[in-house]
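Observations on the three-dimensional arrangement
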Amino acid sequence: MRNPIYLGLAAALIALPSYGDDLEELIVTARHDTRTINVTDELSISPDVAQLLKKAPGASVNGNGPLTGIPQYRGMYGPRVATSMNGAQLAPSGPNWMDPPISYAVGGQLESLEIYRGIVPVSVAQEAIGGAIDARANRGNFTTGEDFELSGRMIGSAQTVNSGYHLNTAVYAGNRNHRIKAAAMTESGDDAEFKDGDITPTEYERQRYDLGYGFRSGDHTLQLDYGYNDTGDSGTPALPMDIESIEGDLYNLSYTLDRDPSGLQIAIDLYASDLDHRMTNYELRDAPPVARWRRNTAASDNLGFNVATTLLDETGRWVIGFDGFSAEHDSDIDNPSNPMFFLTNFNNAERDVYGVFAERHQEFNSAWRGEFGLRYNRVEMDAGKVDGTPATMPPGQMLRDAFNSAQRDQDDNNIDLVARAWYKASETTSWYAGLARKHRSPSYQERYLWLPLEATGGLADGNTYTGNIKLDPEVSNQVEFGLDYSNDSLTLSPRIFYNKVDDYIQGTPSEVAPAVMLVRMLNDMNGTSNPDPLQFNNVDAELYGFDLDWAWRVGEHWSMSGLVNYVRGKRDDTSDDLYRIAPPNATVRLDYSTASWSAGIESVMYAKQDNVSDTNREQETSGYGVVNMSASWQATPSLQLAAGVDNLFDRKYRDHLGGYNRAANEDIDRGERLPGYGVNAFARVVYEF
Ligand SMILES: [Cu+2]
């Protein structure tokens, strides 16, 4: 098999600079079109970092369980939204994304969490037709002296809705050449409550350990990071199984050359992760009859690299680079009470992406600024042969034999284009327009799911699917316009967008006769009533809408802020709507702050969602509003105390993105949309030294 690490090393050597000292000193203000969520200020006690994204315009979260939030941005989610952590990509071990990439970011240790607004620059992510998220961990600081300086951060929080707690300690030591980090986190919670009972199973437990070492000499920095994730029994009531374990080793080696002031930067990342996962349908929820117990053991091995060079000149900068990411997936299903039963769900399903890009940031004059990007990606996929007990039945046998004799290796060549421009009309007002054409090749589930199952990357729609090896890549054609207004007291950033996606990958009623036959046969045998399966196919879709964030400072202590999000997703080839699209929503927040303490109250309002997908048998959801409040007090320069209440009025509501209940529960019917959490009082202590 190709080994991207060696390619990366070779590439790194080639990329080493032949810089001269004649580059002119020039200061260019980088103006990322991003929203940075200030992790220290945001008072989120959720164990799920994805929840923080709701503070950014256009972003929401598909929830399948307390640790499994899948970011949604302007109606797109899953592999359509790129996530990187310290420059590293990661393909979840769970075929249902029980461990979405962002779940490996540790909230209390983040230096920043950024979400790119709208069209994603080609330099930022390989495949990002729906957005990009970048999480950066705090690695500590180099200092100026010989002596090591010690610093650290301890966080403890607790909440009432699930008796959950979170403890996180990070210790940093650094001098001018070395920095060291050691961190540990533990968290757990019971089943969450809502007004009429408990949401089961939503218990969770997770530990995380991180070590980092950095070496700096002159302009050169070398950094080595290691993380170990250990998730235990954790519920996912919107999915057919619950997490028994997610164990992950994450490795990251990076080198940066930062030639300030000449303005040459080189960044090289080599990274890998080794993720193992197990889930069952009988441990955390009421078990089905023993014959239908299922245990799924899955793994993903990830390897990747990025090499990027930034070169400043008098009128802007070039960013040129290349990257590779390789993910390999295995998933096996068995029944511990029946050694005869086995099923190879995915065997060595491999997906490699190799990309090369060039991006130009150009300052035309004091008013006009542009960004132009070109990226070529080659996507290579393959999967090994499969088998399983269901293949002892004729339709299963037909599916297996068809899959095993098919040409499973598939290559795509994708060319992405981005053009964006900003016009600064005055000191307060800047206009923006963006155009892009971007591709996403199918996921391994979409291509290689051979037997009708619900292993869909967390769609959680209750349908079984089969893949389609011959799928074409999605082609997204995007256009967006916006305004950034900012004066002494008011900032306002509206955007409107239109995204036409040719060959959008969507489950459609299966025309694979043995797949339909098998589901019907199993219904007869088991007395179940599963609907006919879907198959992943290329259709056409469009998504459009607008989003806005605003902030208004009213006098010295008072401020108001808010978000407005609207997105509509439709099929273009038939009259159906797209599945699991966030309803229109708005947040309004009022804050009072002094130097040492602050308090805020916010109202979060969601409209009903009645634009739902018939194909996915999606249920409509009513609108609702929730009120949250919080306060924080900087007791001493090193000690911060905070407390708050979410869902103050214990409102019973259903989050349209929250999925349907799949576990027996006397308080919530099966198939009913899951309720949101009830009233939740929480407290947090942050101690920094
Ligand atoms: Cu899983």
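Residues numbered from 1 in each chain as written. Predicted model: local features only at pLDDT ≥ 70, side-chain atom pairs only at ≥ 80, totals over all residues. Heavy atoms only, no water.

Let us now look at the pattern of salt bridges. Here the idea is simple: oppositely charged side chains can pair when their charged atoms come close. Overall, the coordinates contain 38 salt bridges when judged by the stated rule. Between Asp225 and Arg139 there is a salt bridge, and its shortest N-O distance comes to 2.9 Å. Residue Asp225 is located in strand β14 (residues 220-231), and its partner Arg139 is located in the loop between β7 (132-137) and β8 (149-159); the two are separated by 86 residues in the primary sequence. Across the pair, Arg139 and Asp225 agree in class, each one buried. We note a salt bridge from Asp577 to Arg568, for which the minimum N-O separation is 2.5 Å. The same class applies to Asp577 as to Arg568, namely buried. (Salt bridge = Lys/Arg side-chain N within 4 Å of Asp/Glu carboxyl O. Helix = DSSP H or I, 4+ residues; strand = E, 2+ residues; numbered from the N terminus. Buried < 20%, exposed > 50% of the residue type's maximum accessible area, 1.4 Å probe, protein only.)

All right, on to the coordination of the copper ion then. Tetrahedral coordination by four donors sets the ideal angle at the metal to 109.5 degrees; octahedral coordination by six donors sets it to 90 or 180 degrees. Within the protein, the copper ion binds to Met98 (SD), His277 (NE2) and Met279 (SD); these donor distances fall in the range 2.0 to 2.3 Å. Mapped onto the sequence, the donors of the copper ion take the spacing M-x178-H-x1-M. Taken together, the positions of Met98 in the loop between β5 (82-85) and β6 (110-116) and His277 in strand β16 (residues 264-280) put the pair 179 residues apart, joining distant regions of the chain. The burial state of Met98 is the same as that of His277; both residues are buried. (Donors = N, O, S within 2.8 Å, 3.2 Å for Na, K, Ca; no water.)

Turning our eyes to something else, we now look at helix α4 (residues 513-526). Each turn of an α-helix holds 3.6 residues, which means side chains three or four residues apart point in the same direction. Between the first and last C-alpha of α4 there are 20 Å, a value that for 14 residues agrees with the 20 Å anticipated at 1.5 Å per step. When we look at burial in α4, the residues that qualify are Pro514, Ala515, Val516, Leu518, Val519 and Asn523. Residues of α4 that are buried sit in contact with α2 (394-405) and β23 (465-466). With its phi angle positive at about 65°, Gly527 sits one or two positions after the end of α4. (Expected span 1.5 Å × (residues − 1). Contact = heavy atoms within 4.5 Å.)

Ordered in space as β1-β6-β7-β5, the 4 strands form an open sheet in which the pairing is mixed. The open sheet has two edge strands with one neighbour each: β1 (34-37) and β5. On average, adjacent strands in this sheet sit at an angle of 15° to one another, irrespective of strand direction. Sheet analysis places β1 next to β6, joined by 4 bridges and oriented antiparallel. Looking at β6, one finds that Thr36 is bridged to Glu114. (Pairing = 2+ DSSP bridges. Axes fitted to C-alpha atoms, helices over the stretch in contact; angles between N-to-C directions.)

Right, let's talk about the packing of aromatic side chains for a bit. The final tally for this structure, using the stated rule, is 17 aromatic pairs. Between Phe403 and Tyr448, the ring centres sit 6.3 Å apart and the planes meet at 90°, which makes this aromatic pair edge-to-face. Here Tyr448 lies in helix α3 (residues 444-448) and Phe403 lies in helix α2, a separation of 45 residues in the sequence. Of the two residues, Phe403 and Tyr448, neither departs from the other in class, the shared state being buried. Judged by centre distance (4.5 Å) and plane angle (25°), the ring pair of Tyr624 and Tyr653 falls under stacked. Of the two residues, Tyr624 sits in strand β30 (residues 624-636) while Tyr653 sits in the loop between β31 (639-646) and β32 (680-688), which places them 29 residues apart along the sequence. (Phe/Tyr/Trp six-rings, centres within 6.5 Å; stacked < 30°, edge-to-face > 60°.)

Attention shifts here to a nonpolar patch on the surface. Taken together, the side chains of Phe148, Ile180, Tyr213, Phe215, Leu222, Leu224 and Leu253 present a nonpolar region at the surface, about 600 Å² in accessible area. Note on placement: Ile180 falls in strand β10 (residues 178-189). (Patch = residues over 30% accessible without salt bridge, like charges linked within 9 Å, V, L, I, M, F, W, Y side chains within 5 Å. Areas by Shrake-Rupley, 256 points an atom, 1.4 Å probe, with all protein chains shown as cover.)

A few words now on the nonpolar core. With 34 residues, the main nonpolar core has Leu53, Ile102, Tyr104, Leu113, Ile115 and Ile133 as its most contacted residues. Elements represented by at least two residues in this core include exactly β2 (59-62), β6, β7, β15 (242-259) and β16. The residues touching Ile115, leaving out its near neighbours within four places in the chain, are Thr34, Arg35, Leu53, Ala56, Ala59, Tyr73, Ala132 and Ile133. If you look at the next biggest cluster of nonpolar residues, it comprises 32 residues, including Trp97, Ala383, Trp450 and Phe536. (Core = buried A, V, L, I, M, F, W, Y, C linked by side-chain atoms within 4.5 Å.)

The terminal C-alpha atoms of α2 lie 16 Å apart, and with 12 residues this matches the ideal 16 Å at 1.5 Å per residue to within 8%. Where α2 is concerned, the buried positions are Pro395, Gly396, Leu399, Arg400, Phe403 and Asn404. Along α2, the residues classed as buried sweep out an arc of 165° about the axis, all on the same side. Exposed residues on α2 whose side chains face more than 90 degrees from its buried face are Pro394 and Ser405. (Arc of directions from axis to C-beta.)

It is worth spelling out the side chain of Asn404 at this point. For Asn404, the location among the structural elements is in helix α2. Here the side chain of Asn404 touches Val386 through a polar contact of 2.9 Å, landing on its backbone nitrogen. Not counting residues up to four positions away in its chain, the partners in contact with Asn404 are Lys385 and Val386. (Polar contact = N/O pair within 3.5 Å; in protein donor to acceptor, adjacent residues only side chain to side chain.)

Residues with a pLDDT of 70 or more make up 95% of the protein chain, whose mean pLDDT is 93. Confidence drops under a pLDDT of 50 for residues 1-32, and excluding neighbours within four residues, the segment shows 49 contacts in the predicted structure. (pLDDT = per-residue confidence, 0-100.)

Before going further, it helps to examine the environment of Gly94. Within the fold, Gly94 resides in the loop between β5 and β6. Given a relative accessible area of 1%, Gly94 falls into the buried group. Separated by 363 residues in sequence, Gly94 and Gly457 place their C-alpha atoms 7.7 Å apart. With sequence-adjacent residues up to four places away left out, Gly94 is seen in contact with Asp99, His277, Tyr444 and Gln445.

Next up on the list: a negative patch on the surface. Negative charge collects at one region of the surface, where Glu193, Asp198, Glu666 and Asp667 lie side by side. You can see Asp667 is positioned in the loop between β31 and β32. (Lys, Arg positive; Asp, Glu negative; His and termini not counted. Charge placed at Lys NZ, Arg CZ, Asp CG, Glu CD.)

Among the structural elements, Thr636 can be located in strand β30. Taking the C-alpha atoms as reference, Thr636 lies 47 Å from Tyr544; in sequence the two are 92 residues apart. Separated by 3.1 Å, the side chain of Thr636 and the backbone nitrogen of Leu639 make a polar contact.

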